[in-house]
Amino acid sequence: MEIEMEIEHFLHDHPLSLIQDLEDYEQFRCSGCEKGLSSPSYGCSYCGFFLHKSCSQIQRQLKHYFHPCSLELTIRSESSDYTCNACFNHRSDFRFRCQKCDFHLDLECALMSTTVKTKEDGQIQHFTHRHPLQLVDLNKEQDEVYCSICRKLCSDVVYGCRKCNFFLHHSCMDIPQVINQHQFHPKHSLVLLTTPSYKCQGCDKHCSGLAYRCGPCNFQLDVKCALLPTADCEGAEWIQHFTHQHPLQLVDPEKEEDKVHCSICGKLCSDLIYGCKTCNFFLHHSCMDIPRKIDQHQFHPEHSLVLFTKSSYKCQGCDKDCRLGLAYRCELCYFMLDVECAFLPTANCEGAKRIRHVYHHHPLELCEIEDGCQACCGVCRENYPGPHFVCHRCNFFLHYSCAIDLLPQTIQDHPFHPNHSLNIKSYNNPSYCFCFACGNDETNVVGYCCVDCSQFQMHLHCSKLTPSIKFGSHWHLFTLFKKLGQPGYCFLCKSFCKSFFLRCVICNITLHLQCHPLAPKTLKHKHHRHPLSLTKSPLDSDLEYYGSADENYCDFCELRRPASDPVYYCKECDLSADIRCFILQVLHSVTVENHSGVGEDKDDNFKEGKSCSTTDLKVVKNEKEIAELISELEHQKFRRTDLKAQIEARESEVKKVTKEIRQLEMRIQKSECAHLSYIAPILAMSKFKA
């Protein structure tokens, strides 16, 4: 068979050439088996890497019964030698390795015959031992034999390896080779392997032989600790539980010298409990049912909270320094809650004095608010006496009724912010919620925040408002607001809007309610005999009487009114009325339901034979035309702004080009001057010679 002159091998970056004359390479050894070179062999003289042909043909990956993961062929690195996990021999040559589990097999153990014989033949191959296990009748043996897994005395017939003194009960042969999410180490899987010596991190004892191991964390458990029963197993003396890293023993508190307290609820223990005396850690049977993981907790809904053990920490719910050792933690944000705060009752639980609520990230206590106290509810923003849930740390108040009546956690396609999802969020001091709907900037308030753009925010009480008022041919409906937080100009009269205004939240357009084209220009008040006409403010009489445009009052309700807002005015009596005194009448005229109703009422009058003047019909028609013209004017203004911006951009480009032309002209002039200064002497010399 013809031998290749050059080969590629996965253990080396360069091609390996066939060595023709071995006498020149007597001092070198095979980089795999570390034996002297023999013919045929391949090598890279530049790197000093050599392989026997037989070594170069060893497979790259191997699936072995002794380990559940795939093993990859590697050679000695600069780090150190290794210990074979099968025979415990220290080696430095070829090895098959699982990097994840830090498992090693030397070549001899890896390529050992793995032919599995049936039980009928009296011999089996088991993953707990590298040699085949034979059926052994202990009735014929004089010495006592112990199981290598449970460490208990064996009797009758077992499987074993006499050479290694390794024996197994039939029942112990069914142990798992891999344990997922073990109570002591749920983060990674534990793989069964043999180790020369190790320290069990469950019982803290030094062991050798079989161990369940996590390679990435170097976490190891002996078989006894790894296979302990759980709390569901009644009557077990030792159990494993995810709340503690050591096995828990059944303890009678009455026999203990000191009083025993539960490490979860902190209460005194009286009946039989499970505990770790070394760590002074004890658990009630009822407290063992707490979950390991909490999803979407009210205090931290963004991420999951996982129970873990910590000697001391600060609870971010009650703000107390805790030393019980258990806490629920967010592994991304390092948010921590003690067990008591994590399992507080909700507002729906009868008789609850201290609750957890999705509207606030601290515990809330039930208090009775008296009349006159400043306690503005974080949801409805109303201030009235009665039972409240209060966070004294943040000065956050929540009406009992608002706490019970929960709003949806997520809103899809809200009219104020369509095509995006809005999630409920609590804004507490020092953070503020700037509402894009009403323009108010408030703290200690509950609102909605956009999931996608994260910039849009809206108060919870503003989310209940529904757009219902049409303005001309504008493509969105307008919403009525009582108070505007940020000063805004009325789109029509160009004066400030402060109260009772209409707003298109999407387009950020605001106008006075009384400036709406369909708002009545003249109204009657039940307590005044003359009609009142819509008039711009401030009036001359207001300036003379109050002396300032900022201190105007309504002559009907005697409440302060914005000086710049238009008013309904009776010229004969010199009386002015704020829009709030006519709010129902004005709304009836401008709401969507009544736009078509104006004309329909007229048509109904004709059908019933009632009189309807031509002037009324013309007024309705003209008002609609005015609204459409105003909307068209709005569109033309937006277009004019865009065109103006384009013109300015073009003018800037023209200036830039003009400047470049001037610079180019100056360069040409300088070049011409230099040329003339060079030519002039030559011309003068030629004339002189001539």
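Residues numbered from 1 in each chain as written. Predicted model: local features only at pLDDT ≥ 70, side-chain atom pairs only at ≥ 80, totals over all residues. Heavy atoms only, no water.

Visitor: Could you clarify how one ought to interpret the overall build of the protein chain in this entry?
Guide: Within the protein chain one finds nine helices and 47 strands. Contacts in the protein chain between residues far apart in sequence, at least 24 positions, make up 46% of those at least 6 positions apart. As displayed, the protein chain offers around 40,400 Å² of accessible surface, 50% of which is attributable to carbon and sulfur atoms. (Helix = DSSP H or I, 4+ residues; strand = E, 2+ residues; numbered from the N terminus. Contact = heavy atoms within 4.5 Å. Areas by Shrake-Rupley, 256 points an atom, 1.4 Å probe, with all protein chains shown as cover.)

Visitor: I'm lost on the sheet that holds strand S16 (residues 190-199) in this one. Help?
Guide: Picture the strands of a sheet paired through backbone hydrogen bonds; they go either parallel or antiparallel. On the basis of which strands lie adjacent, the open sheet formed by four strands has the order S15-S16-S17-S18 and antiparallel pairing. Unpaired on one side and paired on the other, strand S15 (178-179) and strand S18 (219-221) mark the two borders of the sheet. For strand S17 (residues 206-214) and S18, the ladder comprises three bridges, and the chain directions are antiparallel. Paired with arginine 213 across the bridge in S18 is glutamine 220. (Pairing = 2+ DSSP bridges.)

Visitor: I keep staring at the environment of valine 157 and nothing clicks. Help me out?
Guide: Turning to its location among the elements, valine 157 is positioned in strand S13 (residues 157-161). Taking relative accessible area as the criterion, valine 157 reaches 34% and is therefore assigned partly exposed. For the pair valine 157 and histidine 169, spaced 12 residues apart in sequence, the C-alpha to C-alpha distance is 8.4 Å. In this structure, valine 157 is in contact with Leu135, Val136, Asp137 and His170, ignoring residues within four places of it in sequence. (Buried < 20%, exposed > 50% of the residue type's maximum accessible area, 1.4 Å probe, protein only.)

Visitor: Got a minute to help me understand helix H7 (residues 583-590) in this structure?
Guide: Along an α-helix, residues three or four apart share an orientation, since each turn contains 3.6 residues. Along H7, the positions that sit buried rather than exposed are Ile583, Val586 and Val590. For H7, the angular spread of the buried residues around the axis is 70°, confining them to a single face. Relative to its buried face, H7 has exposed residues pointing more than 90 degrees away, namely Leu584 and His588. (Arc of directions from axis to C-beta.)

Visitor: Which parts of the structure should I look at to understand the pattern of salt bridges?
Guide: Any two side chains of opposite charge can pair, on the condition that their charged atoms come close. Applying the stated criterion across every chain, the model contains 11 salt bridges. The residue aspartate 106 makes a salt bridge to arginine 91 at a minimum N-O spacing of 3.2 Å. Of this pair, aspartate 106 sits in strand S10 (residues 103-106) while arginine 91 is found in strand S8 (residues 90-91), placing the two residues 15 residues apart along the sequence. With a relative accessible area of 0%, aspartate 106 lands in the buried category. The residue aspartate 102 makes a salt bridge to arginine 97 at a minimum N-O spacing of 3.8 Å. Look at aspartate 102 and you get partly exposed, because its relative accessible area is 31%. (Salt bridge = Lys/Arg side-chain N within 4 Å of Asp/Glu carboxyl O.)

Visitor: What should I look at first to understand the layout of surface pockets in this one?
Guide: The gaps left among the atoms become clear once a water-sized probe is rolled over them. Of the pockets and cavities examined, the largest pocket occupies roughly 790 Å³. Lining the largest pocket we find 30 residues, and of these Cys203, Lys205, Asp222, Lys224 and Cys225 sit closest to its centre. The residue makeup of the lining of the largest pocket, split by class, is 16 nonpolar, seven polar and seven charged. (1 Å grid on protein atoms, 1.4 Å probe; cavity = no way out; pocket = protein on both sides within 12 Å on 5 of 7 lines; lining within 4 Å. Points joined across faces, edges and corners; volume = space filled by probe spheres on them. Nonpolar A, V, L, I, M, F, W, Y, C, P; charged D, E, K, R; others polar.)

Visitor: Please explain the pairing of strand S32 (residues 396-399) as it appears in this structure.
Guide: Remark: a regular strand shows side chains that alternate across the two faces of the sheet. What you see with S32 is no split at all: Phe396 and Leu398 on one side and Phe397 and His399 on the other are buried throughout. The sheet contact formed by strand S31 (residues 386-391) and S32 spans four bridges and is antiparallel. Paired with histidine 388 across the strands is histidine 399, a residue of S32. Linkage of S31 to S32, two consecutive antiparallel strands, is achieved through a turn of four residues, within which asparagine 395 is found at a positive phi near 60°.

Visitor: I'm lost on the packing of aromatic side chains in this one. Help?
Guide: How two aromatic rings sit relative to each other is set out by the distance from centre to centre and by the angle between their planes. Summed over the entire model, instances satisfying the criterion amount to 14 aromatic pairs. Judged by centre distance (4.8 Å) and plane angle (40°), the ring pair of phenylalanine 28 and phenylalanine 50 falls under tilted. Highlighted residues: phenylalanine 28 in the loop between strand S2 (16-18) and strand S3 (41-44) and phenylalanine 50 in strand S4 (residues 49-52), separated in sequence by 22 residues. Residues phenylalanine 416 and phenylalanine 481 carry aromatic rings whose centres are separated by 6.2 Å and whose planes lie at 35° to one another, so their mutual orientation is tilted. Separated by 65 residues along the polypeptide, phenylalanine 416 in the loop between strand S33 (410-414) and strand S34 (417-427) and phenylalanine 481 in strand S39 (residues 479-489) bring together distant segments of the chain. Both residues of the pair, phenylalanine 416 and phenylalanine 481, count as buried. Members of the aromatic cluster, each reached through a chain of ring pairs, are Tyr25, Phe28 and Phe50. The ring of phenylalanine 308 is capped by arginine 329, whose NZ or CZ atom sits 4.4 Å from the centre of that ring. (Phe/Tyr/Trp six-rings, centres within 6.5 Å; stacked < 30°, edge-to-face > 60°. Lys NZ or Arg CZ within 6 Å of the ring centre and 35° of its normal.)

Visitor: Teacher, can you tell me more about a negative patch on the surface here?
Guide: Together, Asp21, Glu23, Asp24 and Glu26 make up a negatively charged patch on the protein surface. Relative to the elements of secondary structure, aspartate 21 occurs in the loop between S2 and S3. (Patch = residues over 30% accessible without salt bridge, like charges linked within 9 Å, V, L, I, M, F, W, Y side chains within 5 Å. Lys, Arg positive; Asp, Glu negative; His and termini not counted. Charge placed at Lys NZ, Arg CZ, Asp CG, Glu CD.)

Visitor: What is the right way to read the environment of cysteine 573 from this model?
Guide: Within the secondary structure, cysteine 573 is located in the loop between strand S46 (567-570) and strand S47 (575-577). What makes cysteine 573 partly exposed here is its relative accessible area of 32%. The sequence separation of cysteine 573 and histidine 530 amounts to 43 residues, and the corresponding C-alpha distance is 8.4 Å. Beyond its immediate stretch of four places on either side in the chain, cysteine 573 contacts His528 and His530.

Visitor: Would you explain the nonpolar core in this entry?
Guide: In summary, soluble globular proteins display a tendency toward joint burial of nonpolar side chains. Judged by nonpolar contacts, the single largest core of 61 residues is most densely connected at Tyr359 and Leu398. Residue contributions to this core peak at five residues, all from strand S40 (residues 496-504). Those residues in contact with leucine 398 that sit more than four places away from it in its chain are His357, Tyr359, Leu364, Cys377, Val379, His388, Phe389 and Ala403. Residues Ile273, Ile294, Tyr313 and Cys318 belong to the second largest nonpolar core, which totals 37 residues. (Core = buried A, V, L, I, M, F, W, Y, C linked by side-chain atoms within 4.5 Å.)

Visitor: What is the right way to read the confidence of the model for the protein chain from this model?
Guide: Caution applies to low-pLDDT parts of the model: their predicted coordinates are not meant to be read in detail. Across the protein chain, pLDDT averages 81, with 87% of residues at or above 70. Looking at the elements of the protein chain, mean pLDDT is at its lowest for helix H8 (residues 592-608), recorded as 41, and at its highest for S18, recorded as 91. Per-residue pLDDT stays below 50 along residues 596-617; that stretch engages in nine contacts with residues further than four places along the chain or on separate chains. (pLDDT = per-residue confidence, 0-100.)

Visitor: When you look at the environment of tyrosine 159 in this model, what are you seeing that I'm missing?
Guide: With respect to the helices and strands, tyrosine 159 occurs in strand S13. Looking at tyrosine 159, the relative accessible area reads 3%, which means it is buried. In this structure the C-alpha to C-alpha distance between tyrosine 159 and leucine 133, which are 26 residues apart in sequence, comes to 5.5 Å.

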